[in-house]
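# Working through the structure, step by step
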Amino acid sequence: MEQFNAIITAVDDFVWGPVMLVLLVGTGIFLTIRTGFLPWRNLPYALKSTLSKEARKSTKGEGDVSPFSALTTALAATIGTGNIVGVATAMVSGGPGALVWMWISAAFGLSSKFSECMLAIKYRERNENGEMSGGPMYTMKKAFKNKGFGKVMGWLFAFFAVAASFGIGNLTQANSISSSVEETWMVPTWITGVILTVFALFIIVGGIKSISKVSSVVVPFMAIFYVIGGVLVIILNYQNVPSGVSLIFRSAFSIRSLTGGVLGTITASMVSGMRYGIARGIFSNEAGMGSAAITAAAATTDNPVRQGYINMTGTFWDTIVVCTITGLAIASSGVLGNVDEAGELVTGAALTISAFRAALGEAGGWLVTVCIVLFAFSTILGWEYHGEKAFEYIMKTHRYNMVYRVIFSMVVYVGATSALNLVWNLSDIANALMAVPNLICLLILSGEIAKDMKEFQSVLKKEQKEAKE
């Protein structure tokens, strides 16, 4: 078994190695240039659209849920433990400068997220139940000129998406919740598992409309709750903020390794910061993975480009806002580089809890634990929908969706009550393999993406002119 674990770990390290990171970020850079930097230029419009009253209505165009609900359901899957655990891990493994590389990957990730979501809406279709079904698998099947190649690529994406939904979207999230609750409040994992399973089953059985109703309330609440707590930590540590920000940028672009002082026993360099920052950033916002596109396809919209812009903001909220709060809270709190009783570097959730606890006392630890529970549970809900639609694509019918929902809910209990080192690695591999066909799809259809965006610019300018008048 140890040998098998070693093999899986080696495969995981390879698929998330330099080649995958270059492919993910490189695709984002290529799309940003090819589209004339429109995702950056129209980010203010996208953010304004997301927060508008119209985004909460389902009256303009076709779809199953409102534009805002489609975004929050996608955010439910992306704003997760990566924002708390992933940022802390990146800043320990790659140094504080990893945060800068998370920002850089997110900046180009806007174009990837926009492209996959826009195409998913453009090529979506209604299933026998009258529900919208879409995502990269439908885009590949319908948009590729070589239909055989499109079907193979679509099936591969769907297969890996189903695998990832049970792993990274379910087992690992439930495990994060139960272990955090046990550590903070001494609640046995089996009790947490039962409660999680009941809640998951109750919400998931209702399908996308039930999931989106919960997500549209829980996601904004949990994000605002965490951001307020994080800002409070930063304000209380205001004297350390300038030196913390300076350290973040110095270690991000330092060719020589930085060590000692504020860093404690951490050794940081530009190369390690780049590697861990990009990897954890993409793990957090999932830009280029194709998962958010599945949810985007359910949105009510009159134009795929319009909803593409709204869904694109998910990367902004996830990484530029939430991950930044975590990073600055850690950098300003003085806990980075601390070691535990065993002499090991404090990392992951424990590091973020230490940062909040240093400023807010025991309440800070509670706040982070509550957020881990909310973030991880919302991820389970969002990923259920991703996996369900991928499963529906493979089965070529919606008739078995209820079976998937029930099994998915039951697996939550397994995740909450089991040791999952192997599952983490297998989930990571499935996640990476899911991205490959999606990125190939984005590169092949990049000309079409640029053309549709430029055509929408005239619509956008007309609407902005009418609004001024």
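Everything discussed here concerns the structure shown above.
Quantities reported herein were computed from a predicted structural model and do not represent experimental measurements.

With that settled, consider the overall build of the protein. Counting secondary structure elements, the protein contains 20 helices and two strands. Its C-alpha atoms give the protein a radius of gyration of 21 Å, within 12% of the compact-globule value 23 Å for 469 residues. Projected onto its principal axes, the C-alpha positions of the protein cover 60 × 50 × 45 Å. Taking all 469 residues of the protein together, 58% fall into the buried category.

Take helix 2 (residues 18-34) next. Counted at 1.5 Å a residue, the expected span for helix 2 with its 17 residues is 24 Å, and the 23 Å between its end C-alpha atoms agrees. Within helix 2 the residues assigned to the buried category are Met 20, Leu 21, Leu 24, Val 25, Thr 27, Gly 28, Leu 31 and Thr 32. Looking straight down helix 2, one finds that the buried residues subtend no more than 140 degrees of arc, so they occupy a single side. When the buried face of helix 2 is taken as reference, the exposed residues oriented beyond 90 degrees from it are Pro 18, Val 19, Val 22 and Ile 33. Just beyond helix 2, the residue with positive phi is Gly 36, at close to 65 degrees.

Where helix 9 (residues 147-185) meets helix 18 (residues 401-417), the closest approach of the two axes is 7 Å, and the angle between their N-to-C directions is 40 degrees. With respect to their mutual orientation, helix 9 and helix 18 come out oblique. Helix 18 is crossed by helix 9, and the crossing has right-handed handedness. Residues Val 162, Ser 165, Phe 166, Gly 169, Asn 170, Leu 171, Ala 174, Asn 175 and Ser 178 of helix 9 form the contact with helix 18, whose own contacting residues are Tyr 404, Ile 407, Phe 408, Val 411, Val 412, Val 414, Gly 415 and Ala 416. For the contact of helix 9 with helix 18, the class distribution of residues is eleven nonpolar, six polar and no charged.

With that settled, the discussion passes to the environment of Thr 300. Considering the arrangement of structural elements, one finds Thr 300 in the loop between helix 14 (291-296) and helix 15 (304-333). Taking the C-alpha atoms as reference points, Thr 300 and Glu 62, 238 residues apart in sequence, are found 4.8 Å from one another. Once residues within four sequence positions are removed from consideration, Thr 300 is found in contact with Ser 58, Thr 59, Lys 60, Gly 61, Glu 62, Gly 63, Asp 64, Val 65, Ser 66 and Pro 67.

What follows is about the packing of aromatic side chains. Describing an aromatic ring pair means giving the distance of the ring centres and the angle of the ring planes. Within the structure shown, the criterion is met by 21 aromatic pairs. Between Phe 166 and Phe 408, the ring centres sit 5.5 Å apart and the planes meet at 50 degrees, which makes this aromatic pair tilted. Of the two residues, Phe 166 is situated in helix 9 and Phe 408 in helix 18; the sequence distance between them amounts to 242 residues. When the ring of Tyr 226 is compared with that of Phe 356, the centres are 5.6 Å apart and the planes differ by 25 degrees; the resulting orientation is stacked. Of this pair, Tyr 226 sits in helix 11 (residues 207-236) while Phe 356 sits in helix 16 (residues 348-360), and the two are 130 residues apart along the sequence. Under the relative-accessibility criterion, Phe 356 is labelled buried at 0%. Three or more aromatic residues joined by ring pairs form one cluster here, namely Tyr 45, Phe 114, Tyr 309 and Phe 456.

As enumerated under the stated definition, the model contains twelve salt bridges in all. Among the salt bridges present, the one from Glu 463 reaches Arg 306, with a minimum N-O distance of 2.8 Å. With Glu 463 in helix 20 (residues 446-468) and Arg 306 in helix 15, the pair connects residues that are 157 residues apart, well separated along the chain. Looking at Glu 463, the relative accessible area reads 28%, which means it is partly exposed. What makes Arg 306 buried here is its relative accessible area of 13%.

Moving on: the state of the cysteines. One pass over the full model with this rule turns up zero disulfides. In this model Cys 117 remains outside any disulfide bridge; the closest cysteine sulfur is found in Cys 441, 12 Å from its own. Overall, Cys 441 belongs to the buried group, its relative accessible area being 2%.

Another aspect to go through is the packing of helix 12 (residues 241-252) against helix 15. With their axes 8 Å apart at the nearest point, helix 12 and helix 15 run at an angle of 115 degrees to one another. Of the possible angle classes, the one that applies to helix 12 and helix 15 is roughly perpendicular. In the crossing of helix 12 with helix 15, the sense of the turn from one axis to the other is right-handed. Between helix 12 and helix 15, the residues in contact are Val 241, Gly 244, Val 245 and Ile 248 and Leu 328, Ala 331 and Ser 332, respectively. Taken together, the residues of the contact of helix 12 with helix 15 break down into five nonpolar, two polar and no charged.

What counts and how
Residues numbered from 1 in each chain as written. Predicted model: local features only at pLDDT ≥ 70, side-chain atom pairs only at ≥ 80, totals over all residues. Heavy atoms only, no water. Helix = DSSP H or I, 4+ residues; strand = E, 2+ residues; numbered from the N terminus. Rg over C-alpha atoms; globule rule 2.2 N^0.38 Å. Buried < 20%, exposed > 50% of the residue type's maximum accessible area, 1.4 Å probe, protein only. Expected span 1.5 Å × (residues − 1). Arc of directions from axis to C-beta. Axes fitted to C-alpha atoms, helices over the stretch in contact; angles between N-to-C directions. Parallel < 35°, antiparallel > 145°, perpendicular 65-115°, else oblique. Left-handed = near helix turned anticlockwise from the far one by under 90°. Contact = heavy atoms within 4.5 Å. Nonpolar A, V, L, I, M, F, W, Y, C, P; charged D, E, K, R; others polar. Phe/Tyr/Trp six-rings, centres within 6.5 Å; stacked < 30°, edge-to-face > 60°. Salt bridge = Lys/Arg side-chain N within 4 Å of Asp/Glu carboxyl O. Disulfide = S-S within 2.5 Å.

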